[in-house]
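# Remarks on the overall topology
Residue strings, one per chain:
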Amino acid sequence: MEESGLALRPETEPELGVAVNSDEKLVAMWLHGRPEHTRRAYAGDVARLFANAGKGLRELTLTDLQAFADSLSDYAPASRARILSTARSLLAFAHRTGYIPFNVGSALRLPRLKNALAERILSETDVQRLIALEKSQRNRALLRLLYAAGLRVSEACGLRWRDAQPRDDAGQVTVYGKGGKTRTVLLSREAWRELVALRGESAGPDAPIFRSNKGGPLTARQVCRIVAAAARAAGIEASVSPHWLRHAHASHALDRGCPPHLVQATLGHASLATTGRYTHARPSDSSARYLSV
């Protein structure tokens, strides 16, 4: 098969040898085990791909993928990159399972993005005001934990009381994180005190720490609304999401001299290079400061 003058060869032998007889089953397998909000987003991206190409995975060519990329010109660069990354991930999975003989997605170029991380890092003053002005006990404890532990929103939503354990004068939470990895985060006394004050006498070990008004765990969407409302109440004009508090945790800890490897372990970064992005986003010095103008 040749597309756009590029000869495509099988990358590797299929790794899984799974018998799949339809695109729907293949997509379901690819989505299996992912968080709910991720499954929704990825399923929407895949639906756009199929609607644009008008054909199934086994018939897709590089030309189809390039035409799909061109059709996304009205999307924001980050959204385009995410949608195309989703398509590439699905095609790579289809190839590994033996569902398609060639991974045509490997030849698709993704758009380069500006690193806008610095724009999403709140100051310590902003974070402290955002937490302090929150009137709800539950929401204030949630905001403090998102920042103090650097949690992803799905990790906070998934916390149960059995995951919270006392440690001397403070405590720790055990987090089931991205990629199925588990890590334990030691909390400050203030964060721990505010967290355990939520439990009450009736909550068992399997009860969610952050409960909705209906009694179940808060959803990611609900947490996003809580954070956005708290930011507005604190006079922050930007569209703040829960992940901004995770960014703030990493940046502020590094600013205060925390070793990068400890930030990496606390946040569950797969690579120290990911943690290093915060150093580049908020450098402590610059050659520009040595000039006379």
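Scroll up a little and you will see the structure.
Residues numbered from 1 in each chain as written. Predicted model: local features only at pLDDT ≥ 70, side-chain atom pairs only at ≥ 80, totals over all residues. Heavy atoms only, no water.

## Quick word on the overall build of the chain
Each helix and strand in the chain was counted, giving 12 helices and 5 strands. For the chain, the proportion of its 293 residues judged to be buried stands at 40%. Looking at the chain alone, contacts between residues at least 24 apart form 61% of all its contacts between residues at least 6 apart. As presented, the chain carries roughly 16,500 Å² of accessible surface, and 50% of it is formed by carbon and sulfur atoms. (Helix = DSSP H or I, 4+ residues; strand = E, 2+ residues; numbered from the N terminus. Buried < 20%, exposed > 50% of the residue type's maximum accessible area, 1.4 Å probe, protein only. Contact = heavy atoms within 4.5 Å. Areas by Shrake-Rupley, 256 points an atom, 1.4 Å probe, with all protein chains shown as cover.)

## Notes on the nonpolar core
If you look at the biggest cluster of nonpolar residues, it comprises 43 residues, and the most contacted ones within it are Leu187, Leu195 and Phe210. For this core, the secondary-structure elements that each account for two or more residues are α5 (124–132), α6 (137–148), α7 (153–157), β4 (170–176), α8 (189–196), α9 (220–233) and α10 (242–255). Residues in contact with phenylalanine 210, not counting those within four places in the same chain, are Arg138, Ala141, Leu142, Leu145, Ala156, Leu159, Leu195, Leu198, Gly216, Pro217 and Leu218. Core analysis: the second largest hydrophobic core is formed by 25 residues, Leu65, Ala87, Phe93 and Val104 among them. (Core = buried A, V, L, I, M, F, W, Y, C linked by side-chain atoms within 4.5 Å.)

## Section: the layout of surface pockets
By volume, the second largest pocket is sized at about 540 Å³. Tyr147, Ala148, Leu186, Ser188 and His249 are, among the 21 residues lining the second largest pocket, the residues nearest its centre. Residue assignment for the lining of the second largest pocket shows that the elements contributing at least two residues are α5, α6, β5 (182–186), α8, α10 and α11 (260–267). With 4 residues, α5 is the largest single contributor of residues to the lining of the second largest pocket. In the lining of the second largest pocket, the residues fall into 11 nonpolar, 6 polar and 4 charged. (1 Å grid on protein atoms, 1.4 Å probe; cavity = no way out; pocket = protein on both sides within 12 Å on 5 of 7 lines; lining within 4 Å. Points joined across faces, edges and corners; volume = space filled by probe spheres on them. Nonpolar A, V, L, I, M, F, W, Y, C, P; charged D, E, K, R; others polar.)

## Focus: the packing of aromatic side chains
As enumerated under the stated definition, the model contains 1 aromatic pair in all. Of note, arginine 58 hangs over the ring of tyrosine 99, and the distance from its end group to the ring centre comes to 3.8 Å. (Phe/Tyr/Trp six-rings, centres within 6.5 Å; stacked < 30°, edge-to-face > 60°. Lys NZ or Arg CZ within 6 Å of the ring centre and 35° of its normal.)

## Some words on the sheet that holds β5
Judged by pairing direction, the sheet is antiparallel, and its 3 strands sit side by side in the order β3-β4-β5 without closing on themselves. Because the sheet does not close on itself, it has two edges, and the strands there are β3 (164–167) and β5. Taken pair by pair, the neighbouring strands of this sheet meet at an average axis angle of 25°, ignoring direction. With 5 bridges joining them, β4 and β5 adopt antiparallel strand pairing. Its bridge partner lying in β5, tyrosine 176 is registered against threonine 182. Set on the sheet, α8 makes contact with β3 and β4; between it and β4 the angle comes to about 75°. (Pairing = 2+ DSSP bridges. Axes fitted to C-alpha atoms, helices over the stretch in contact; angles between N-to-C directions.)

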